[in-house]
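# Working through the structure, step by step
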Amino acid sequence: MSGIESTTSLRVRIDQQVPIALHGQLHCEAGQMLALIGPSGAGKTSLLRSIAGLLPMRAGCVRVADEVWFDHEKSINVKTLQRHVGFVFQHYALMPHLTAIDDVALSLNDLPRVERLARAQSWLEKVHITGELQQRKPAQLSGGQQQRVALARALARSPKVLLLDEPFSAVDQLSRQGLYELLADLRAELNIPIVLVTHDLFEARLLADQIAVMDAGSIVQQGTPLEVYKSPRNARVADLVGIRNRFHGRWLGPDSSSRLSGVGLLQWLGEANGVDGPILKVHDKGRLQKGQNVTWVIQTDGLTLLNSRDQKSSSDQQHCVQIMVAEIKHLGESSIVTLNTDLAPNVNFRMTLTGPQRSNIFQKDKMNLLLDTSWIHIMPLV
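Since the model is a prediction, treat every value here as computed from it, not as a measurement.

## Remarks on the pairing of strand β20 (residues 366-372)
Here β20 lies mainly inside the structure; five of its seven residues are buried. With five bridges connecting them, strand β16 (residues 303-307) and β20 associate as antiparallel partners. When the sheet's bridge partners are listed, L305 is paired in β20 with L369. For strand β17 (residues 318-331) and β20, the ladder comprises seven bridges, and the chain directions are antiparallel. Looking at the pairing, C320 lines up with L370 of β20.

## Points about the packing of aromatic side chains
A complete count under the given rule lists seven aromatic pairs for this structure. Relative to F89, the ring of F87 lies with its centre 4.4 Å away and its plane at 20 degrees, an arrangement referred to as stacked. F89 gets classed as partly exposed once you look at its relative accessible area, which sits at 27%. Each ring, one from W268 and one from F349, has its centre 5.9 Å from the other, and the planes form 80 degrees; the classification is edge-to-face.

## Focus: the sheet that holds strand β12 (residues 246-254)
With antiparallel pairing, five strands are arranged side by side in an open sheet as β14-β13-β12-β15-β21. Of all strands in the sheet, those bounded by a partner on one side alone are β14 (276-283) and β21 (376-380). Ignoring strand direction, the axes of neighbouring strands in this sheet form an average angle of 40 degrees. Alignment of strand β13 (residues 263-269) against β14, held across six bridges, turns out to be antiparallel. The residue of β14 that forms the bridge with G264 is V282.

## What to know about helix α1 (residues 44-52)
Counting buried positions along α1 yields seven of nine residues, so the element is predominantly enclosed. All of the buried residues along α1 are K44, S46, L47, L48, S50, I51 and A52. Backbone geometry just downstream of α1 places G53 in the positive-phi region, at approximately 85 degrees.

## Digging into the pattern of salt bridges
Evaluated as defined, the whole model comprises 12 salt bridges. E67 serves as the salt-bridge partner of K160, at 2.1 Å between the closest nitrogen and oxygen. Of this pair, K160 sits in the loop between α4 (143-156) and β8 (161-165) while E67 sits in strand β5 (residues 67-71), placing them 93 residues apart in sequence. Given a relative accessible area of 27%, E67 falls into the partly exposed group. In this structure, E132 and R136 form a salt bridge, with 2.6 Å as the shortest nitrogen-oxygen distance. Taking relative accessible area as the criterion, E132 reaches 47% and is therefore assigned partly exposed.

Criteria and cut-off values
- Residues numbered from 1 in each chain as written.
- Predicted model: local features only at pLDDT ≥ 70, side-chain atom pairs only at ≥ 80, totals over all residues.
- Heavy atoms only, no water.
- Buried < 20%, exposed > 50% of the residue type's maximum accessible area, 1.4 Å probe, protein only.
- Helix = DSSP H or I, 4+ residues; strand = E, 2+ residues; numbered from the N terminus.
- Pairing = 2+ DSSP bridges.
- Phe/Tyr/Trp six-rings, centres within 6.5 Å; stacked < 30°, edge-to-face > 60°.
- Axes fitted to C-alpha atoms, helices over the stretch in contact; angles between N-to-C directions.
- Salt bridge = Lys/Arg side-chain N within 4 Å of Asp/Glu carboxyl O.

Listed below in structure tokens is the structure:
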């Protein structure tokens, strides 16, 4: 079986209040996966259904390569069946009275029956539904197997865009891992945009080339996982992408004593307008006013735990903080560690540790925490 050969790209712009408020823009190139993330009710599924034509759009544009599927200003609205979209629903949406092979073949009604069945069998084998499993009805298949059938059905019509609405949320962890691997294998030959709706931040970082963050119906930021996690647009985005280490600060302006350009001074505050903490030397983008109160974040990638005897002095790129291990939560192969500082009672760090290091850390241990200040990202208060 040959793969889907396409050089499509997806461009979406939407700005409407009814029937559902949706605003913003997103893009996904051929061969990429874009993860839509955000809280429940943010509009992720509604946006996905709007792209497919299942939910009426009132204003905006949906373009796939050189095809316009929707354009309010030009009165273009291509019907769903003509958009060549592969859609995998959260709860499979398989026909309860049909076998797996007949369900996939149903999406190919424009072909002769023999060809429909041959293509359905080929795609089912591609997703590892083989032999007598193809003759089973949904009630006779596991959740993971049903999801594979749904994926085969979505791909059988050679779609120009693949839309996945929380496809892994209803399956167990073992089946989910297998589906991750299957999707990675299929992407090697699917040169089409793939848009994934997920609540799972780990899943988004694991699978996606791009992340689009949605909140209250608006697309508030899009970028690579590293861009979004390292440089969230504002404090709300930082919350939505699960950045734990967020602090208050005051911008003191450029560092006149530095021999390097582009270095600024950040006053760490114990709380908003609260206790003055250490002054950190950070990257100065020239966008902040002196004396402005800010929020700043730092990823776990910029934090290193050291034994108290491993003293490290602060520098332009590093700052050492004394901490105490307040809490340890062991979660399988990783541990979440809460670290208190003496800057203020409510100032602490949270880190996820894996490997040998977590077995050498105990509650109430006093240690040093080294901050790589190049990982500090500063955001104006909103």
